[in-house]
Every structure is written in structure tokens, then in C-alpha cells.
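What follows is the residue order along each chain.
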Amino acid sequence: MGAVVVNGVFVGLIYGLLAVGLVVVYRVSRIVNFAYGETGMLCAFVFFGIRLHPTATRLVDHGILVALPAAMLLGAGIGAAMERIIARPLRTNPVLNGMVGTIATSLLFITLGIDLWGPDVHVTKPLVQGEGITLLGLVVSPQQLLIGACTVAILVALGTTYRFTSFGLRLRATAIDPYAASLSGINTDATAMGTWALAGALSAVSAILIAPLVAMNVVFMTFLALRSFAAALLGGLTSLVGAFCAGLLLGVAEGVITFKSPVAGMTDAVVAVGILVLLVVRPGGLVRASY
Amino acid sequence: MRRTERAGIAASLALLLLMAWAAPAAAAAPSHQAWAATGPAAPPNPTAGNLYVSTVGGQEQARAFVEVDLAGRGVEDVAAASLTLTPGSDGVVADQATLAACTLAEPLTADGKLDKAPAVDCSVRAPLTRQADGTWTLSLAPFADRWSAGGPAGVAIIPDTDAGPAVFTVSLAAERTSFDGPVAVTPADDTSTSGTDATPVAPPIPSTESLFTVDPAPVPAPVPPVASAPSHAPAPSTITTVVARRGGVDRPPWIVVLVPAAVIALLLVGASRRRPGGVVTTGSSVPARLVPWLAVPLIVALLGETTTYKLGSVAIVFIAAVGLHLLVNWTGELSLAHAGFIGVPAFVVAQFSAHTGLTPLLGLPLAIVTGVALGGVVGVAALRARGLQVALVTLAVGIAIGQFLFFRSWIVGPPQGLLIPTPSILGHPLASSRALAPVLVATIAVVVLLTRAIMRSTIGRAMLMVREDPDAAAAAGVAVAQYRALAYALAGGFAGVAGWSYVVWVQQVTPKAFPLQLGFTYLVIAALAGPGGLAGVAVAALVIQGGALFSILPGRTALYLGPVALIYNVTRYQAGINGLLAGAASFLRGRKGAPMTKHHVLTIRPLAVAAVSAIVAGTGAILLAWYHMGNTDQVWIQNQELASGGLLGLSLIMVGAALLIRDGIVRAAELREHQQPEPPVVEASTNGHKPRMRVKETV
């Protein structure tokens, strides 16, 4: 049981990591970015394409120094483009239109991915090598430890940015009231675009961290992202910590449910019922963000 | 409802009735269908309801048997008749197979898989012809004398191992086998399209799979034809002659049309009583209201079995999209679980029908109740939470349906699928799509009338208010939360009707038919349709689903165009197809941009009408060419169609565009005359600077 919980925590870390990226975008544009996972998928393919390319490996392990910035730049570019094309024209329109737009984008990305790389599983390479440590009778791979460390680092960095930097202040002001923020001299367009770019880069990093643990094909992020939507919703959609904790909770719950009743789809049914009950009892989600 | 429209519906149903009465033989099904393994490598996992003909290494492994009920038909009738077999989805190299038929020596006694193959007499033998749409036809002329002499009226379909490849398995959907009465029979010497001539392009039975399935099966590229002279067998016309049919023994399924007609008549009477002397408003003209209804029986009469089947699939998508249209474009909510909302009622109907043995037609109330219940579950969340969160709830519910419910055997049935009885009315079986068409048409008529009643009622107005501004709606006394929940329940109800229609139409249900991505396809249709009436939904369904089924768009273009159009639609042009249609209508009437003088309001400008009809005709020509391309596997026909239809269409469109520009210039000139009778003073506005127009003159 302990092993189940530990494993669930690491699955939950992935959900939490993705949910945090969703919340970052949601806070500034009130849009749930359905293309978040697919953005990361494209970036992960580019990353491993560069890293495993013969000329890159000849530089011995310096491939990562080229591949990681390239993938993050691509993610940031996709994010910024989505803000310009989808989010900005919709600022005055119903939020649901934005969701439809991002759904369409995700379909587009999957089609593009299939055309570029085919539907098959691709070879990846672990980011770190090593033995791993034993925790509660379960061997934790260094890859999993890396995800944990990176997630915590990203969370701390985001929290610091939001709380202590000028950019963070502008972000929060834009999130609370774009009109008032623009009156006080904040370039809300640039702020929103910056946030989307940040989230895009974040999705790239997440996908690169996750890819070696799973079979990397064009839909490897899609199903993880579906679960992280639930996590973001449980966490109240606006709170970074709430989303992260909900993701952890979901991961552990999934592990325990699968362990207790190995019936296909039981987790999904429980999640759906749980969300329904939660929204009826507490429509705002578990955590209310205070910005 | 206008009187003209009532007349249109009545005439439409009357025509359908006449057709059903005149063409009963199209619904005649063979009396027994079976198959038997004749070798050790027969298909190991046969699907219930399919027949198999198989060969491995030149050795026959399975053969199929079809027995028909001659019902007193004479020698001439049988000689002019043919048997049409539709391939199932689990064939192997079926498009290159060669089949032959021998007459049965002993009668069939059972359906399905036989333990012992009945005796066959191969002294009477004929080849089966593979049509361009993938179906197999067998002319019954060689068998007429033998059968009329008293032998069992049946054939065994065996692999023709001398002519074809050494390994193939042909799967035939028994439900779709039809015995066609007197038709234009393909000449016997024209049956050489099988073997090397046929190219593996024509798809098997089309499924209403999502346009955006993750399953990345690309459309197979047409293989160039073999160097031999391209001979192309003309598809036999299935337009039956009324005279020949009238003498038939089968009684027409008149009840098929009469019952829905009675229901609609009741609805009409009710509607007209409630609104005595309705106010006449200027709307669309009389023909515009009559034509769509009158076109329906005409279309059904002209089309063949496969095309009818495909169009019916589009119609089912339309029914499902209507529910989502009410939800998305009228209430401003979003559902990502629509695929599940359709799938679960479909399985409920299938289970009901398979367990009781009753016709699936009776399952309609069950389907509606299931759909409304599913929508209501989501609606409960809509009572409390805001739009965006409810949308995420629908996603969670959709995933739960797809991952949990669709893996439970108590809902989806055994792995080989549920055996659904042929739909029948009072014991009269409706075995072909053309026989089932009246049922579907009546369903659509009821759905359209019901939806329009909802749209024009208090409910529709309240929904619109909720969409525009929930706060204002609440202030005006609209119970916002309740109407949101109601919209979800309505969407579920319409999805239930669509699920029921799917079972009736396809008669095979698998969870694969309702993937989560299918819900996105429906969302695309609703978003493309835009706010407004049902015309936009119909066009969007035809474009998205019809485009996928008829392979109008080459290759994977649709997979890119769909999302791009959707993004453009939600961000830039939210009026959608409904907006386009309204714009085109008002443009044709010459209202838009015309000066507000009396004599200009309702003039029809011949130049604009000619231009628009040229563009419409050009688009039609291109679509027709694409349609023919999609329905043939002969590359040279494809190229020919593309060249002739495409060029003609393009030139028509260009002519139309030129006319439009000319019309615009003429109108602008008229406008200037009307608005500015005296030329304005130019110097005052230039303010001492050079007027800008001068620059152009010096160039």
C-alpha cells in the first residue's frame, strides 16, 4: 500500500505540473487551454528529435543545451501565437468560445504531429542516468526524482514571480481587472502574451520531463492533460497551489482505486462523480485563490 | 407554420408513401442467409450477422449461402433480378477478391454459421461483380430456369480461386443483403472488373466515425491502374419500374409512412389550432419553403442503396447536432460528452432489442429517457456552477462514459457485438436503407418541427437571454440555472433520438463508433453553424460529416481545414454558416447597403441573381466532380471528373465573381446619384494640400 501511495504521488506530480500550467493561462485569460498538452507534445518531439539526431549526439551530451532552449522557445512561440490569434479577439466574448478555439487548436496539433512523426511510439532517452533510491520498498527512478525536483522548483519560481517581481504584479493586476490595469499604465496585451508564452515554455518542459517515462507518441500528452483538467477544476482553476495539490490527490486516488478494484475506467467514473458532487456542494472548487 | 410549408410536408410524405407502395421489392430480403467453414483456416472470430467467403493458399476455407423467397415470381422476374451484397468491415484483401455463385442443391434451414455446408450444384455457375462502391452484385439470370423448375431458390457464394488472389476473406453484412426486383441488369460480358482491374480504394461500409479520430488511418492513395485498357462497368441503375413492381406479391410497407404521417398531421392540426390567423410576416418566399420538403422524396427515389446509407448517416449526425445547437448557440453552454450522450442510448436500444427480440424501432422512448437522464446529470452541475466549470464537468462525464461504461459488458454486450433484429413494422421487415428512409425522414421532420417550436416558445427566448447576458436575464425574471439545466437535458434527449436512429440505420453498435473525439466533431458542427436556425446546422453537418463520408475533400485536407475554419469562426466571424446564409439571402433581396428609399427595398437585381447562381452552379459542379471522384476507384475517371467538373466549376465561379463586381460598380454608381445630386466642393476638403488622387494620375 505504501508503494502504491508513493507511485501515486509521482503520477500526481505529473498531473499537478500540467494543472499548474493550465492555471497560469486561466488566471490571465479566463480560458482553459485545451491545447496545452499538445503544445508540449510538439515541443517534446522537437526536443528528442534534436537530442537523438546523429549530429547532436556527436557533441556528446551537449545536445541538451541546444535541444532544451529550442523546445522551450517553440513552446513559448506557440503560446504567444495562441494568445494573439485565439485569446485576444475573444477578450470581450463568452469564455466558451475560447475553449472551442483551443480544442480546435489541439486537433490541429495532433493532425500535424501525425503527419510529421507518424502514429508510432518514438524512442526517447532518459534525461538522467543512475541507480535510483529505495523508498518504502519501492525503487524510485532518478527520472521520477527529477520530475519531483523540477516540479517543486517550477512551483517556487512561479510563486516568487507572482509575488515578488514587477512582472508578477502586472500579471496579477491584469488577472483581477484588465480594464483597471490598463488604466494604470499596464500593457495588458503584452502581459497576457507573456503569460501565454510562459505557459507554453512550461508545457514544453513538462512534456520533456514526462516523455521518457511513458510511450512517446503524438497523443501521449492528451490523456494526461485530460486528467489534469480535472485536477485544475478540483483546485478551483485559479490557485497554483490548489491545482498542484489536487493533481497530487488525483494521482494518489488513481493509484489506490486501481489497486483496490482493478476495473477498467473505474478511476474515470470516480473522478466524474467526484467533480459532479464537488461542484454541487462547493461550486468554486476546493481552493479559492487570493491573487 | 405557414400553409405552404404544411402543404410541402404533406406532399413530401404523400410522395414517400407512393414510393413505398410502388417499390416494395426493394425491401424484400432473402429468406435465409448462412455461411459455413469448409477448411481449417476459416475466419476465427466471425462477427455475428456477417457472412464469410474465404480462401487461403488457393484452398477454400469458408463459403456463404443465400436463399431467396421467390414468392411466386415468374421466370422473367427472376431472370431480371439481382442480388446485392454489401461488404462488412472485417474483410481481408476483399477488394481484390473474386467470387462466384453456384446454385443450392438442398434448401437452407437456418441462418448464421452452419456446422455442415449444404450440398451445392456447380453446373449452374455465375460470377459476382464488384461495383465501384464496394458492393457485390449477382445477376440471377443463369439461375432463373433452374429455380422456377422447383429446385431450392438459393446460391452458394464461393471463392473463385482460378481467377483471383490466393488469400482473401470477404465479409458480407447479412443485414444489408438485398434482392432487387427488375432492374437494369449488368450484361454478363461486363463482369470483368474484379481481379487486377479493381484498385483497393473503395472503402467498406462507411461508419459515422469522427472526422477527428486520433486513429491516424490516412485515406489510401489511389493506386494507378494496370496498363490494360481501363474498362469500367456501368453501375446498374436501381431505379425500379413502377409497372413491374405493382404486380409483385409483397404488400407495400404503407404503414411505414402512414404512422409518422398521422403523427405529423396531428402536430400540424395542433399547431394551426393554437394560432388562428397568424400574422403574416415577410419571410422567405413560397418556393423556398416548399422546395426542401419536396426534394426529400425525390432524392430518396433517385439514389442508390449505398448513397442513401451515407446520406442517412449524415442525417443522424444532423439530429444529434440539433441538440448541441440548442445548447451551444441558443443557451451558450458547452458539452464535450455528446458522443457518450449518443452512444449510451444507442446501446440501451440495442440491448432492449437484442434481449426482447422486438424491433429496435420500439426503443425510441427508452432512448429519449436515457438521453434526458444523462443530460440531466450534467444539468445538475449547471444548477450550481458557471459555464466554464460545467464544460469541464461534461468532459469528465464524457471520459467516464468512454472509459468506464463502454467497457462494461452489461451495456455494450458481448465482444462480438449485439445481434440486433432487423427493424420491422407490424412484422414487415425494413431490410434496406431505402426501405428505412421514410422512418428517418419522418424522424427528421418531427425533430425539425419540435426544435422550431422550442425556438419560438418562451423556452427559446429565455435561452437566448441566458446566452446574451445571464445577469440581465436573471434580472428580467428568467430562471437562469434552470434553463441551463433544461438545455442540457434537451441536448441529451436529442442525442438519444440520434442514438436510436443510429441503431435503426446501422444495426451494429460498437463503442468504437462513439469515441470522445466524436463529441469534438459535433462541437465543430455546432460552432460552424452559428447562432440561428437549423439551416446552418444542416449545412454544417453536410460539410463536416458528408465531407468525411463522400471523401469530397482530398486526402487529409479536411483534418486541417476543419480546425482552422473553427478557429476563424469562433474568433473572427461568429455568425457562422447561419450568418452566411442570412447574408446571402438579404444580399439577393438587395436590402443590404441599398439606400433607404422605398423603391429599392425589395427589388431583385438580375445581375446579382445571375452572379450568385453562377457561383452556386460552379460550386455545385466542383462538389459533384469531387463526389464522383470519391465514389469511384478508377483513377482515369477521377482525373476526368477533376478536369471537367473542376474547370467548369472554376470558370463558372470566376464569371460569377466578375458579374458580382460589375453589379457592385453599377450599384455604387446608383448610390452616388441618389445620395449626392450635386457634386461636393473639392477644394474645401483638400485644405491646401495636394489631393491624394493626383499622385495616381502622375504615375
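Visitor: Account for the overall build of chain B, naming residues and giving values.
Guide: If you tally the helices and strands in chain B, you get 23 helices and 13 strands. For chain B, the residues scored as buried account for 47% of the 699 residues in total. For chain B, the share of sequence-separated contacts (at least 6 apart) that also reach a separation of at least 24 residues comes to 83%.

Visitor: So what about the overall build of chain A? Which residues, and what values?
Guide: Helices and strands together make up the secondary structure of chain A, namely 12 helices and two strands. From first element to last, N terminus to C terminus, chain A shows the α and β order α-α-α-α-α-β-β-α-α-α-α-α-α-α. Within the span of chain A, comprising 291 residues, buried residues form 50% of the whole. In chain A, the proportion of contacts linking residues at least 24 apart, taken out of those at least 6 apart, comes to 76%.

Visitor: Tell me about the packing of helix 1 (residues 2-29) of chain A against helix 11 (residues 240-260) of chain A, and name the residues and values.
Guide: Residue and element names in this part refer to chain A. It is at 6 Å that the axes of helix 1 and helix 11 come closest, and there the two elements cross at 145 degrees. Every pair of crossing elements has a handedness; the one defined by helix 1 and helix 11 is right-handed. When the residues that make up the contact of helix 1 with helix 11 are grouped by side-chain class, the tally is 20 nonpolar, seven polar and one charged.

Visitor: Talk me through the interface of chain B and chain A; I want residue IDs and the actual numbers.
Guide: Facing the 36 residues of chain B at the interface are 39 residues of chain A. Of all elements in the fold, only helix 9 (364-384), helix 10 (387-403), helix 16 (516-529) and helix 18 (557-571) of chain B reach the threshold of two or more residues within the side of chain B that touches chain A. With 12 residues, helix 10 of chain B is the largest single contributor of residues to the side of chain B that touches chain A.

Visitor: Outline helix 7 (residues 166-176) of chain A, listing residues and values.
Guide: Residue and element names in this part refer to chain A. Residues of helix 7 that are buried: Arg 170, Leu 171, Thr 174 and Ala 175. Each buried residue of helix 7 sits inside an arc of 135 degrees when the element is viewed along its axis, so together they form one side. Helix 7 presents Ser 166 and Ile 176 as exposed residues on the side facing more than 90 degrees away from its buried surface. Considering only its buried residues, helix 7 is in contact with helix 1, helix 6 (142-164), helix 8 (178-183) and helix 9 (188-210).

Visitor: Account for the confidence of the model for chain B, with residues named and values stated.
Guide: All names here are of chain B. Overall, the prediction assigns chain B a mean pLDDT of 73, with 68% of residues at 70 or greater. No element of chain B has a lower mean pLDDT than helix 4 (residues 242-246), which averages 29, and none a higher one than helix 15 (residues 480-506), which averages 93. Per-residue pLDDT stays below 50 along residues 183-253; that stretch engages in 160 contacts with residues further than four places along the chain or on separate chains. Contacts of residues 681-699 to residues separated by more than four positions or lying in other chains number two contacts, the stretch itself having pLDDT below 50.

Visitor: Now, about the packing of helix 12 (residues 266-281) of chain A against helix 9 of chain B: what can you tell me, with residues and values included?
Guide: Between helix 12 of chain A and helix 9 of chain B, the shortest axis-to-axis distance is 8 Å and the interhelical angle comes to 30 degrees. The angle between the axes of helix 12 of chain A and helix 9 of chain B places the two elements in the roughly parallel class. In this structure, the crossing between helix 12 of chain A and helix 9 of chain B has a hand that is left-handed. Residue-level inspection shows Leu 276, Leu 279 and Val 280 of chain A of helix 12 of chain A in contact with helix 9 of chain B, the latter providing Val 380, Ala 381 and Arg 384 of chain B. Looking at the contact of helix 12 of chain A with helix 9 of chain B residue by residue, the classes come out as five nonpolar, no polar and one charged.

Visitor: Would you mind going over the confidence of the model for chain A in detail, with residue names and values included?
Guide: Averaged over all residues, the pLDDT of chain A is 84; the fraction at 70 or higher stands at 93%. Per-residue pLDDT, averaged within each element of chain A, yields its smallest value for helix 3 (residues 54-58) of chain A (56) and its largest for helix 9 of chain A (91).

Visitor: A description of the environment of Thr 571 of chain B should follow, citing residues and the corresponding values.
Guide: With respect to the helices, strands and loops of the structure, Thr 571 of chain B is situated in helix 18. Those residues within four positions of Thr 571 of chain B in sequence are excluded, and the remaining contacts are Ile 85, Ile 86, Pro 89, Leu 90 and Gly 101 of chain A.

Visitor: Account for the environment of Pro 89 of chain A, naming residues and giving values.
Guide: In this fold, Pro 89 of chain A is placed in the loop between helix 4 (63-87) and helix 5 (95-117). Setting aside residues up to four positions removed in sequence, Pro 89 of chain A forms contacts with Thr 571 and Arg 572 of chain B.

Visitor: Quick rundown of the pairing of strand 10 (residues 154-159) of chain B? Include the residues and the values.
Guide: All names here are of chain B. A large share of strand 10 lies buried, amounting to six of its six residues. Of the pairings in the sheet, the one linking strand 3 (residues 59-67) to strand 10 comprises four bridges and is antiparallel in character. Note that in strand 10 the partner of Glu 67 across the bridge is Gly 154. Judged from the five bridges that link them, strand 5 (residues 99-104) and strand 10 form a sheet pairing that is antiparallel. Note that in strand 10 the partner of Leu 99 across the bridge is Pro 159.

Visitor: Pulling in residues and values, what's your account of helix 10 of chain B?
Guide: Compared with the 24 Å implied by 1.5 Å per residue over 17 residues, the 24 Å span of helix 10 of chain B between its first and last C-alpha is a close match. Of all 17 residues in helix 10 of chain B, 16 are buried, a share of seventy percent or more.

Visitor: Which residues make up the environment of Val 241 of chain A, and what values go with them?
Guide: Looking at where Val 241 of chain A falls in the secondary structure, it is placed in helix 11. Linking Val 241 of chain A and Leu 155 of chain A, residues 86 residues apart in sequence, is a C-alpha distance of 8.1 Å.

Visitor: Run through unusual backbone geometry, naming residues and quoting values.
Guide: Residue and element names in this part refer to chain A. One non-glycine residue, Arg 30, lies in the positive phi region at around 55 degrees. Examined against the element boundaries, Arg 30 turns out to sit in the loop between helix 1 and helix 2 (36-51). Accessibility expressed as a C-beta count within 10 Å gives 18 for Arg 30, which makes it partly exposed. Positive phi outside glycine occurs at Leu 237, with the angle close to 70 degrees. Inspection of the secondary structure puts Leu 237 in the loop between helix 10 (220-234) and helix 11. Of the residues examined, Leu 237 has 25 C-beta atoms within 10 Å and is grouped as buried.

Cut-off values and rules
- Residues numbered from 1 in each chain as written.
- Chains lettered and ligands numbered in written order.
- Predicted model: local features only at pLDDT ≥ 70, side-chain atom pairs only at ≥ 80, totals over all residues.
- Helix = DSSP H or I, 4+ residues; strand = E, 2+ residues; numbered from the N terminus.
- Buried ≥ 20, exposed ≤ 12 C-beta atoms within 10 Å, placed from the backbone.
- Contact = placed C-beta atoms within 7 Å.
- Axes fitted to C-alpha atoms, helices over the stretch in contact; angles between N-to-C directions.
- Left-handed = near helix turned anticlockwise from the far one by under 90°.
- Nonpolar A, V, L, I, M, F, W, Y, C, P; charged D, E, K, R; others polar.
- Arc of directions from axis to C-beta.
- pLDDT = per-residue confidence, 0-100.
- Parallel < 35°, antiparallel > 145°, perpendicular 65-115°, else oblique.
- Pairing = 2+ DSSP bridges.
- Expected span 1.5 Å × (residues − 1).

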